[in-house]
Amino acid sequence: MLTGNKPRALSEWAFFTSLAILFVLAGLYVPFLGLLATVVFPLPLILLVLRLDTRYAGLSLVVAGTCLFILLPGQTPSLLMLLPVGFLGILYGLLFKNQVSPGASILSGLAGATLLTLLSALLIDILAGIKLFALDQDSRLFVEQWLATNSGVGVFSDLPPELQGNLNQNVTSLYELFIPGQYIVASAAAAVLSYFAARIVLKRMQFELPPVPAFSRVLCPWYIVWGLIVGLSMTLVGDYLSIPLVGIIGKNMLFVLFYFHLVLGISVAMYFFRSVKLARAFKLALLALGLVYLPFSISIFLMLGVVDPLINMRKLPEAKE
C-alpha cells in the first residue's frame, strides 16, 4: 500500500491508468487483440486496488473513460461495453484484497459480469439509441448469407420441407431470441479468463493468494438448481399466458445455465475419469467415443452438471457441513 507516499502513488496511478487506456485502444484498433484486451483490461484496476486503494481505481476508470470518449467520439457503444469490464476489475481487486476464496470470487465475477452487461446494454440503448439485443441490418444479412452458404452445400437437406420453407425466418428469430444470453455467456467467459490472468500476474508479483482447487473438484451448492426452476417456470408462463418478455427472459436464463451446468458436468466427468481405475487403453477408447458422439456426450455432461449439486456424487469434503 503506497497511499502514504503521495508522489509515488500518483506516478503508479498514472502508469496503470495509461496502461488501461492502451489496452482499450489496442483492442479497438487491432481486431485480433479484441478478446485479449477485454481479458487484460481489468488488470491495471485490480493492481490499483491492491497497491493503492479503491478510490484510485475508481478515479482511474473515470479518467480512462473520459479520455477514451474524447479520443474516440464515434466508438461510444464499444466504450460503454468496456465499462462493465472496468467495474469487474475493481470488484476482483476487492476480492483479492480480502483473500476471498477462488470459488466465491469466480461466482461473484460471473454474477457481476451478468449484471453489468445488462446495465451496459441499457445504457447503450438510452445514450446511443442502439438496441444491443436486436439484430441490425448487417447482422441479418450475415445470418442470411451463412444460411445460403450452408444450404448450398446441403447442410439442411435432411430437414422436413415445412421447416425448410421458413428456415431463414426461423433461424434468424432463434438467433435474435438468444442474443442476451450470448452476450452474458461471452462476458462471463471473459470474466473467468480475467480472474485467472490476474492470478498469474499477482503470483509473479509475490502477492499471497488462496489456492485454486482442481477443476475436477469444482462444487456448487444445491440451491443453484433454483436457476433452472425459475428459468423453466418463466418460459412456461411466458409461452402459455402470451407474455413474450417473461418467456424471453426464461429462455435466456436456460441458455446461460446450459453452459454453466455443462462446465460443471465436465468437471464431474473428469473426476470419475481420473479416479476410476481402468486400463489406460480403455479410458482412451472412452474418450475417443465421447468425441465421436459429441451430442450424446454433451447430454451426459449436462445431466451430471444438473444432478451433482443435488446429491454430490463425488462426495467431496467441501460439501460437508
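Residues numbered from 1 in each chain as written. Predicted model: local features only at pLDDT ≥ 70, side-chain atom pairs only at ≥ 80, totals over all residues. Heavy atoms only, no water.

A. How the structure looks around the overall build of the chain. Along the chain, the regular secondary structure elements total 14 helices and zero strands. Reading the chain from its N terminus to its C terminus gives the helix and strand order α-α-α-α-α-α-α-α-α-α-α-α-α-α. Within the chain, buried positions represent 35% of all 321 residues. Taking the contacts inside the chain whose residues are at least 6 apart along the sequence as the reference set, 74% of them involve residues at least 24 apart. Accessible surface, the chain as shown: approximately 18,600 Å² in total, 71% of it carbon and sulfur. (Helix = DSSP H or I, 4+ residues; strand = E, 2+ residues; numbered from the N terminus. Buried < 20%, exposed > 50% of the residue type's maximum accessible area, 1.4 Å probe, protein only. Contact = heavy atoms within 4.5 Å. Areas by Shrake-Rupley, 256 points an atom, 1.4 Å probe, with all protein chains shown as cover.)

B. Summary view of the packing of aromatic side chains. For the coordinates displayed, the defined rule picks out ten aromatic pairs. Aromatic pair Phe15 and Phe16: ring centres 5.3 Å apart, planes at 65°, arrangement edge-to-face. Taking 5.4 Å as the distance between ring centres and 85° as the angle between the ring planes, the aromatic pair formed by Tyr195 and Phe196 counts as edge-to-face. Through a chain of ring-to-ring contacts, three or more aromatic side chains come together here, namely Tyr92, Phe96, Tyr195 and Phe196. The ring of Phe273 has Lys283 sitting right over it, with the charged end atom 5.4 Å from the ring centre. (Phe/Tyr/Trp six-rings, centres within 6.5 Å; stacked < 30°, edge-to-face > 60°. Lys NZ or Arg CZ within 6 Å of the ring centre and 35° of its normal.)

C. Local environment of the nonpolar core. Ranked by internal contacts, the top residues of the largest apolar core, which has 38 residues, are Ile46, Leu48, Tyr92, Phe96 and Leu202. Elements supplying a minimum of two residues to this core: α1 (6–29), α3 (42–51), α4 (54–71), α5 (76–97), α6 (102–128) and α10 (179–204). (Core = buried A, V, L, I, M, F, W, Y, C linked by side-chain atoms within 4.5 Å.)

D. A look at the packing of helix α12 (residues 244–275) against helix α14 (residues 294–311). At a minimum axis distance of 7 Å, the contact between α12 and α14 shows a crossing angle of 90°. As far as their axial angle goes, α14 and α12 are roughly perpendicular. Mapping the contact onto sequence places Phe258, His261, Leu262, Leu264, Gly265, Ile266, Val268 and Ala269 in α12 and Ile298, Phe301, Leu302, Leu304, Gly305, Val306, Asp308 and Pro309 in α14. Residues belonging to the contact of α12 with α14 are distributed by class as follows: twelve nonpolar, three polar and one charged. (Axes fitted to C-alpha atoms, helices over the stretch in contact; angles between N-to-C directions. Parallel < 35°, antiparallel > 145°, perpendicular 65-115°, else oblique. Nonpolar A, V, L, I, M, F, W, Y, C, P; charged D, E, K, R; others polar.)

E. Main features of the side chain of Ser194. On the secondary structure map, Ser194 appears in helix α10. Residue classification places Ser194 among the buried positions, given a relative accessible area of 1%. Polar side-chain contacts of Ser194 include one of 2.8 Å to the backbone oxygen of Val39. (Polar contact = N/O pair within 3.5 Å; in protein donor to acceptor, adjacent residues only side chain to side chain.)

F. Local environment of the pattern of salt bridges. For the structure shown, the criterion picks out four salt bridges. One salt bridge in this structure joins Asp239 and Lys251, with 2.8 Å as the shortest N-O distance. On the criterion of sequence distance, the pair formed by Asp239 in helix α11 (residues 225–240) and Lys251 in helix α12 is long-range, its members being twelve residues apart. (Salt bridge = Lys/Arg side-chain N within 4 Å of Asp/Glu carboxyl O.)

G. Quick peek at the environment of Leu43. Its location among the elements puts Leu43 in helix α3. Once residues lying within four places of it in the same chain are set aside, the contact partners of Leu43 are Ser194, Ala197, Ala198 and Val201.

H. Representation of the environment of Val171. Mapped onto the elements, Val171 comes out in helix α9 (residues 167–177). Remark: the alpha-carbon pair of Val171 and Glu144, spanning 27 residues in sequence, is separated by 9.1 Å.

I. Spotlight on the packing of α11 against α12. At a minimum axis separation of 7 Å, α11 and α12 run at an interaxial angle of 150°. By the angle class used here, α11 and α12 are roughly antiparallel. With respect to the hand of their crossing, α11 and α12 are arranged in left-handed fashion. On α12, the residues that touch Gly227, Leu228, Val230, Gly231, Leu232, Met234, Thr235, Val237, Gly238 and Asp239 of α11 are Pro244, Val246, Gly247, Ile249, Gly250, Lys251, Met253, Leu254, Leu257 and His261. Taken together, the residues of the contact of α11 with α12 break down into eleven nonpolar, seven polar and two charged. (Left-handed = near helix turned anticlockwise from the far one by under 90°.)

J. Seen up close, the side chain of Arg199. Among the secondary structure elements, Arg199 is positioned in helix α10. No salt bridge forms around the buried Arg199; measuring N to O, its nearest opposite-charge neighbour Glu208 is 9.5 Å away. Non-local contacts of Arg199, meaning those with residues more than four positions away in its chain, are made with Phe96, Pro102, Leu209, Pro210, Pro211 and Val212. (Lys, Arg positive; Asp, Glu negative; His and termini not counted.)

K. Layout of the environment of Leu88. Note on placement: Leu88 falls in helix α5. On the basis of relative accessibility, which here comes to 5%, the residue Leu88 falls in the buried class. Once the C-alpha coordinates of Leu88 and Ser108 are considered, the two residues, 20 residues apart in sequence, prove to be 9.5 Å apart. Each residue touching Leu88, except ones within four places of it in the same chain, is listed here: Gly109, Ala113, Leu116 and Ala191.

L. Unusual backbone geometry, seen in detail. Unusually for a residue other than glycine, Gln99 sits at a positive phi of about 55°. With respect to the element layout, Gln99 can be found in the loop between α5 and α6.

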